[in-house]
Amino acid sequence: MSEVNPPRAWRNDAVAKVTGRARYADDLKFHGLLHAVPVYTDHVHARLRGVDTAAAAAAPGVVRVITAADVPGSVTFGQILQDYHMLAGDTIRCHGDVVAVVVAETRAAAVAAARLVTVAADPLPAVLDPEEALRPGAPLVHERHGTNVINHHRVRRGDVAAGFAASDVVVEQVFRTSFIEHAYLEPEAAVAVPRPDGVMEIYGSMQHPFSTRRFTAALLGVPLADVEVRSVPMGGGFGGKDDTAAIVCARAALAARLTGRPVKLTYDREWSVRESYKRHPYRLHYRMGLTRDGRIQAVAVRIVADGGAYCSVTPWVTWRSTVQCCGPYRVPHVACDTYGVYTNNVFTGAMRGFGSPQVNFCIEQLVEMAAERLDLSPLEIRRRNMVRQGDTTITGQVLDTHVVSLAQVLDRVVAESDYEARRGRCAHGRADGDELYGIGLAMSYRGMSLGAEGKDFNSAIVNVQFDGSILLETGIHENGQGAESAMVLLLADELGVRRERIRYRQASTSVIPDGGTTVASRGTLMGGGAVVHAARALKEKMAAVLAPRLGCAPGDVAFRDDAVWGPGGARLTIEEAVREMWQAQEYPYAFGVFQGPQVTWDEATGQGNAYFTWVYGCQAAEVTVNRRTGKVKVLGMWAAHDVGRAVNPPMLLGQFYGGMAMGLGYGLTEAVTIDAGRIRSLNFDRYRIARATDLPEMHATIVENPDPLSPSRAKGIGEPTNELMAPAIANAVAAATGRRYCEQPVRVDAAELAGGPAGAEGTEPDANGEAPCN
Amino acid sequence: MQLTINGRAVTVPDSDGARNLLEYLREDLDLTGAKNGCGIGQCGACTVLLDDRPVRACRKIVADAAGRRLLTIEGLAAPDGALHPLQQAFVDHGAIQCGFCTPGMVLTAHAFLLKNPSPTRSEIRRAISANLCRCTGYQQIVDAIESAASHYRR
Ligand code: FES
Ligand code: FES
């Protein structure tokens, strides 16, 4: 950052948030506001014959009860497959399906009346296990789809049979992961306001305003231009406030349309957990072949992801898992098959990490299991196989457009955590006292942004006002991570002005072009790229007008220290420069676009340049495991990530710490409990996210290798920090106990520990392909 | 019924005494700084102070506050708008992300520092352990509270 903007913790919304003045969706009020609530049934899979709304409609304070029959537009929608029923029609496909929305003068009246809605439904056999859903004759979740397979991705590289034949050692293991709740602290909320000009205006807790607009326009049957989604502060998303949050907004808009009044639809925690999509549980069956000297020859892996009742972005999530299924290692022979599968469970979709936490949990344990067999250290096996500058990924992409910094981040974590010395203290199941000590690490590479999932571009508008103040808007959404602040800092830096000049406009889908969703750690990369391009366009435009005044050529005009300069000290203040622009009848206004460089993908072979750039990260955890109780205590956590360039270091560190903490939850405590399709862990009493006392002090190392393909030189950080702590902890627990834990979350059974260390023996799958982990 | 909210006397009709305190603050008094994150006393987002002690507004009724001093996040800054040193520390240490936990977290920390102005980091962690934050990993929140403690020692 420049002299005029010294680096320190800064965000544009901090004061509003710390004083309680920030208005989140549920904090908004409008004249004549009505309240809506959803109605569920207790069915998991059923033919719906009818919804009886008469009693509810007659209840005190009720204005309207809405069912699928009232929808003027399309009741079904989805980002990839249009299979989501925003209000259930003839079928209930999961326990979170909504059959009606009750709209009343008060929330209490709506809640009371919702209990009076009854349905006539015939239960259908439910399919709750994705492996079962794949078998012939399994009940179909979507009959029209014809199969329960949502998608099948593959990688075919080399010849795996030859690779295994050339291997001296084969490790084989089945891993499982759980449904994970995003647990954003603010449940979904939306306010829809019908405007006199015919536009439906929406304020919602969602992280994808453009997706929200598409869902809403579809449900109302109106053009996109007739829906305006305005951003308000949002209490966390982590990938979880796309589909469900958009649908909540769309339902509020439907109620507003049908009543002609503003409608608020605020979810309580139980509705949120019941209805919103989760991180996919995976079953992953890995085989890895290596030569005696520890070089990986072949990996064969079959991944089955439970997509739940609706497609959402399952094809994209599982695609990333496929591309990254071998971790950051060179593997000449790979066969990967990944299936996204419908079941009658809660649906699954985007969550911070987006398909990488599951595969990292496995592959980072598998390489260590191989190392144990080969008597190599966890570091040595990684160093022999990890990608380096110019290496080729398993999808055939040559990593040569940026600095491949995997060795750098690994070395930093090894040094910061004093890994090698601490490794020497690991108990491996043997200790004098009750506490078994262990340290473990994990590393990854991660394709940045959307890759071949979709078109990847973004825009920014910079509009300098007559007094020298500046309005900025981009197609990136503030999810709480500090995206707006990063954009402001990048603009201030590029224009050489004080950041206090810049106000980030409350974003509106009616102003900025659709920039896609603020997921995939793409905010700073894509939005920042657009900001840099807009700033450069603005400077060019201003230089052309100001050069004569500064007595130089346009190319010699410089923007710094909150002023515009010619060579030899000629100087205009920003205010003077803006007045000159007005005199010349030129607007100091610019629109900038960043188009992500082209990526390629061949779905049949799973080969291509999947992402235009990659990030590298490594994390470590130090634990003790109590031999009597099985309790795992995390004593220390370390992380090093290459971020390209640090734009707002304190906020960047916040992404490190938050991601590591969420990763600890994934590793040790988090799993949604589902009983025959019905979620039981509906609130924080039954779903344990990390508390301040569960966490040790964390150590973060920012590594900067500016990325030539990123206009701002920055890459992303939101997800990389969240994909490594669980395998690092699993490896630490293995080092402590001498046993492997192949189910996420890691739960240590003290009774098993009494038997002593087991190593990685006996991990061949039985006839059903099930391998005991220890 | 007489309440003192953020230093101001507020008269509440007795008929409202049984209403949920969080809902009353948010809907009737427009004090929306206290948030509803769980509704069952588990997350701490609704924390307000009664006579300097943190309580979960989602689990209280209006009558519980009768005759006591109630402080919400809106009442912590100086009347001229200057941030309380604890609030300033949250800003300076990057302790705020989505901000949904922030009001409850700040008030919990404020009550704690009033009682213990020289805490260790692990005492701070214990003090905020019932306030959930999904964004920050708590590290910078602990930093902020630790650094603000000196203002409570005078
Ligand atoms: S809303 Fe009161 S503790 Fe969560
Ligand atoms: S800052 Fe988001 S929950 Fe704490």
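Thresholds, definitions, all that
- Residues numbered from 1 in each chain as written.
- Chains lettered and ligands numbered in written order.
- Predicted model: local features only at pLDDT ≥ 70, side-chain atom pairs only at ≥ 80, totals over all residues.
- Heavy atoms only, no water.
- Axes fitted to C-alpha atoms, helices over the stretch in contact; angles between N-to-C directions.
- Helix = DSSP H or I, 4+ residues; strand = E, 2+ residues; numbered from the N terminus.
- Parallel < 35°, antiparallel > 145°, perpendicular 65-115°, else oblique.
- Left-handed = near helix turned anticlockwise from the far one by under 90°.
- Contact = heavy atoms within 4.5 Å.
- Nonpolar A, V, L, I, M, F, W, Y, C, P; charged D, E, K, R; others polar.
- Buried < 20%, exposed > 50% of the residue type's maximum accessible area, 1.4 Å probe, protein only.
- Pairing = 2+ DSSP bridges.
- Domains from an automatic or database assignment.
- Buried area = accessible area lost by both parts, 1.4 Å probe.
- Salt bridge = Lys/Arg side-chain N within 4 Å of Asp/Glu carboxyl O.
- Polar contact = N/O pair within 3.5 Å; in protein donor to acceptor, adjacent residues only side chain to side chain.
- Phe/Tyr/Trp six-rings, centres within 6.5 Å; stacked < 30°, edge-to-face > 60°.
- Lys NZ or Arg CZ within 6 Å of the ring centre and 35° of its normal.
- Lys, Arg positive; Asp, Glu negative; His and termini not counted.
- 1 Å grid on protein atoms, 1.4 Å probe; cavity = no way out; pocket = protein on both sides within 12 Å on 5 of 7 lines; lining within 4 Å.
- Points joined across faces, edges and corners; volume = space filled by probe spheres on them.
- Patch = residues over 30% accessible without salt bridge, like charges linked within 9 Å, V, L, I, M, F, W, Y side chains within 5 Å.
- Areas by Shrake-Rupley, 256 points an atom, 1.4 Å probe, with all protein chains shown as cover.

(A) Inspection of the packing of helix 17 (residues 649–668) of chain A against helix 18 (residues 725–737) of chain A at higher detail. All names here are of chain A. Helix 18 packs onto helix 17 with a crossing angle of 50° between their chain directions and a minimal axis gap of 7 Å. Considering their axes alone, helix 17 and helix 18 lie oblique with respect to each other. Along this stretch, helix 17 crosses helix 18, giving a crossing that reads as right-handed. Here helix 17 contributes M660, G663, L664, Y666, G667 and L668 to the contact with helix 18, which in turn contributes M725, A726 and I729. Here the contact of helix 17 with helix 18 is built from residues that sort into seven nonpolar, two polar and no charged.

(B) Summary view of the pairing of strand 13 (residues 227–231) of chain A. All names here are of chain A. Across the five residues that make up strand 13, a large majority, five, are buried. Burial along strand 13 is two-sided: the residues V227, V229 and S231 and E228 and R230 are all buried. The sheet contact formed by strand 12 (residues 200–204) and strand 13 spans five bridges and is parallel. Residue pairing across strands places Y203 opposite R230, the latter belonging to strand 13.

(C) Focus on the domain arrangement of chain B. Residue and element names in this part refer to chain B. One can read the domain layout of chain B as domain 1 (2–75) and domain 2 (85–152). Contact with domain 1, which involves 17 residues of that partner, is made by 13 residues of domain 2. Summing both sides of the interface, domain 1 and domain 2 together bury roughly 1200 Å²; the carbon and sulfur share of this comes to 67%. Inspection of the region where domain 1 meets domain 2 yields zero salt bridges. Put simply, domain 1 and domain 2 have three residue pairs in polar contact (both at pLDDT 80 or more) between them. Of all the secondary structure elements, the ones that give two or more residues to the side of domain 1 that touches domain 2 are strand 3 (47–50) and strand 4 (53–56). Top contributing element to the side of domain 1 that touches domain 2 by residue count: strand 3, with three residues. A breakdown of the residues in the side of domain 1 that touches domain 2 according to their chemical character gives seven nonpolar, seven polar and three charged.

(D) How the structure looks around the packing of aromatic side chains. All names here are of chain A. Summed over the entire model, instances satisfying the criterion amount to 17 aromatic pairs over all chains. A ring pair is formed by W319 and W601, whose centres lie 5.2 Å apart and whose planes are at 90°; its orientation type is edge-to-face. With W319 in helix 9 (residues 314–323) and W601 in the loop between strand 25 (589–595) and strand 26 (614–626), this pair connects stretches of sequence that are 282 residues apart. Here W319 falls in the buried class, since its relative accessible area comes to 4%. One aromatic cluster is present, formed by W319, Y445, W601, Y611, W614 and Y616 through successive ring pairs. Directly above the aromatic system of F164 lies the positively charged group of R287, at a separation of 4.3 Å from the ring centroid.

(E) Quick peek at the side chain of E188 of chain A. Residue and element names in this part refer to chain A. Mapping E188 onto the fold places it in the loop between strand 10 (169–176) and strand 11 (189–194). Within the buried core, E188 has no salt-bridge partner, and the shortest N-O distance to an opposite charge, that of K241, equals 6.2 Å. Among the polar contacts listed, one links the side chain of E188 to the side chain of Y184, at a separation of 2.4 Å. Sequence-distant contacts of E188, defined by excluding residues within four places in its chain, comprise K241, T244, A245, V248, L265, T266, Y267, S272 and S276.

(F) How the structure looks around the domain arrangement of chain A. Residue and element names in this part refer to chain A. Looking at chain A, the domain boundaries give domain 1 (33–124 + 192–261), domain 2 (282–451 + 603–753) and domain 3 (457–470 + 482–585). Its C-alpha centre places domain 1 at a distance of 37 Å from the equivalent point of domain 2. With 18 residues of domain 1 at the interface, the matching set in domain 2 holds 19 residues. Taken together, the connections running from domain 1 to domain 2 amount to one salt bridge. A salt bridge links D42 to R678, with the shortest nitrogen-to-oxygen separation between them at 3.3 Å. Put simply, the parts of the chain that give the side of domain 1 that touches domain 2 at least two residues each are strand 5 (84–85) and helix 7 (243–259).

(G) Here's a closer look at the layout of surface pockets. All names here are of chain B. Of the volumes computed, that of the largest pocket is approximately 880 Å³. Per-element tally for the lining of the largest pocket: the top contributor is helix 1 (residues 21–28), with five residues. Per-class residue counts for the lining of the largest pocket are 15 nonpolar, six polar and 16 charged.

(H) Structural context of a nonpolar patch on the surface. Residues and elements named next belong to chain A. Side chains of F457, F466, W582, Y587, Y589, F591 and V593 sit close together on the surface and give an oily, nonpolar patch of about 710 Å² of accessible area. Counting residues per element, the nonpolar patch draws most heavily on strand 25, at three residues. Here F457 is to be found in strand 19 (residues 457–464).

(I) Structural context of the pattern of salt bridges. Tallying each qualifying case throughout the model produces 63 salt bridges over all chains. R26 of chain B is paired through a salt bridge with D27 of chain A; the nearest N and O atoms lie 2.6 Å apart. In this pair, R26 of chain B is assigned in helix 1 and D27 of chain A in the loop between helix 1 (14–18) and strand 1 (34–40), connecting two distinct chains. Taking the relative accessible area as the measure of exposure, D27 of chain A reaches 5% and is therefore buried. The residue R195 of chain A makes a salt bridge to D197 of chain A at a minimum N-O spacing of 3.0 Å. Take R195 of chain A: its relative accessible area is 25%, and that puts it in the partly exposed class. Taking the relative accessible area as the measure of exposure, D197 of chain A reaches 51% and is therefore exposed. Ionic contacts of the salt-bridge type, sharing partners, join the residues D26, D27 and K264 of chain A together with R26 and K35 of chain B into one network.

(J) Quick look at the interface of chain A and chain B. The interface of chain A with chain B comprises 53 residues on the first partner and 45 residues on the second. It is V18, L185 and A692 of chain A that lose the most area in chain A upon contact with chain B, and together they represent 17% of the buried surface on that side. Summed over the shared surface of chain A and chain B, the result is seven salt bridges. When the shortest N-O distance is used, the salt bridge between D30 of chain B and R23 of chain A registers 3.2 Å. Those elements that place two or more of their residues in the side of chain A that touches chain B are helix 1, helix 8 (269–275) and helix 17 of chain A. When residues of the side of chain A that touches chain B are assigned to their parent elements, the largest contribution, nine residues, is made by helix 17 of chain A. When its residues are assigned to classes, the side of chain A that touches chain B shows 26 nonpolar, 13 polar and 14 charged.

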